[in-house]
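# Examining the three-dimensional arrangement
Each chain is listed here by its residues.
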Amino acid sequence: MRNSRSILLVEDDSIDAMTVKRAFKDLKVTNSLAHAINGEEALSYLRDYNNEVPCVILLDLNMPKMNGIEFLKIAKNDDALKKIPVVVLTTSSEERDVVESFRFSVAGYIVKPVDYKKFVEAIKTIDLYWTLSELPEQDLGTKDSAKLEANIVS
């Protein structure tokens, strides 16, 4: 992605998180990848001023504690978080999940392909879109000197 800021992956499944990490490596995506395992942990990460504001959030919907829709309800009603783009990356193809996600102004909704090559293509498409998109730095709540210190998947 053109933006060098981190990407926040909100995903409870460790295999899916490793698949995202592998796809980023295969595609040479250089953004650091922060990882939260549910919506509650993602909100804590985003509200911690020691962490960099991510350029985009990749959000699973089906998670314990706080699922993706519950996360969106809170994040999209929080002035400090609502402008961070969110792309839903989930196994759910349920129409109600798609409708509910877009009701909370997600930037996109992608059903995770089972086939790795197709999954890489999905991640490549996300990467290309965010490489071409212009994002207003100040409006995303960029923290001037904040550094990404915790939860980096390396």
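See the structure shown above.
Quick summary incoming for the structure in this document.

### Things to note about the nonpolar core
Note that soluble globular proteins tend to have their nonpolar side chains buried in a common cluster. Ranked by internal contacts, the top residues of the largest apolar core, which has 25 residues, are Leu8, Val10, Leu46, Ile57, Leu59, Phe71 and Leu72. Broken down by secondary-structure element, the contributors of at least two residues to this core are strand E1 (7-10), strand E2 (33-36), helix H2 (39-47), strand E3 (56-59), helix H3 (68-75) and strand E4 (86-90). If we ignore the near neighbours within four places in the chain, the residues touching leucine 59 are Val10, Gly68, Phe71, Leu72, Val86, Val87, Val88 and Leu89. Of all hydrophobic cores here, the second largest spans 19 residues; its members include Leu9, Val29, Cys55 and Leu89.

### Considerations on the layout of surface pockets
Considering only enclosed or pocket space, the largest pocket measures out at about 150 Å³ in volume. The wall of the largest pocket is formed by Asp16, Thr19, Thr91, Lys112, Pro113, Val114, Tyr116 and Phe119. Elements represented by at least two residues in the lining of the largest pocket include exactly helix H1 (14-26) and helix H5 (116-132). Taken together, the residues of the lining of the largest pocket sort by class into 4 nonpolar, 2 polar and 2 charged.

### With respect to H5
Under the 1.5 Å per step criterion, the end-to-end length of H5 is 24 Å for 17 residues, consistent within 8% with the ideal 24 Å. Buried residues of H5: Tyr116, Phe119, Val120, Ala122, Ile123, Ile126, Asp127 and Trp130, and no others. The buried residues of H5 occupy an angular sector of 160 degrees when projected down its axis, which confines them to one face. Exposed residues lying more than 90 degrees from the buried face of H5 are Lys117, Lys118, Leu128 and Leu132. Contacts from the buried residues of H5 go to H1, E3, E4 and strand E5 (108-111).

Thresholds, definitions, all that
Residues numbered from 1 in each chain as written. Predicted model: local features only at pLDDT ≥ 70, side-chain atom pairs only at ≥ 80, totals over all residues. Heavy atoms only, no water. Core = buried A, V, L, I, M, F, W, Y, C linked by side-chain atoms within 4.5 Å. Buried < 20%, exposed > 50% of the residue type's maximum accessible area, 1.4 Å probe, protein only. Helix = DSSP H or I, 4+ residues; strand = E, 2+ residues; numbered from the N terminus. Contact = heavy atoms within 4.5 Å. 1 Å grid on protein atoms, 1.4 Å probe; cavity = no way out; pocket = protein on both sides within 12 Å on 5 of 7 lines; lining within 4 Å. Points joined across faces, edges and corners; volume = space filled by probe spheres on them. Nonpolar A, V, L, I, M, F, W, Y, C, P; charged D, E, K, R; others polar. Expected span 1.5 Å × (residues − 1). Arc of directions from axis to C-beta.

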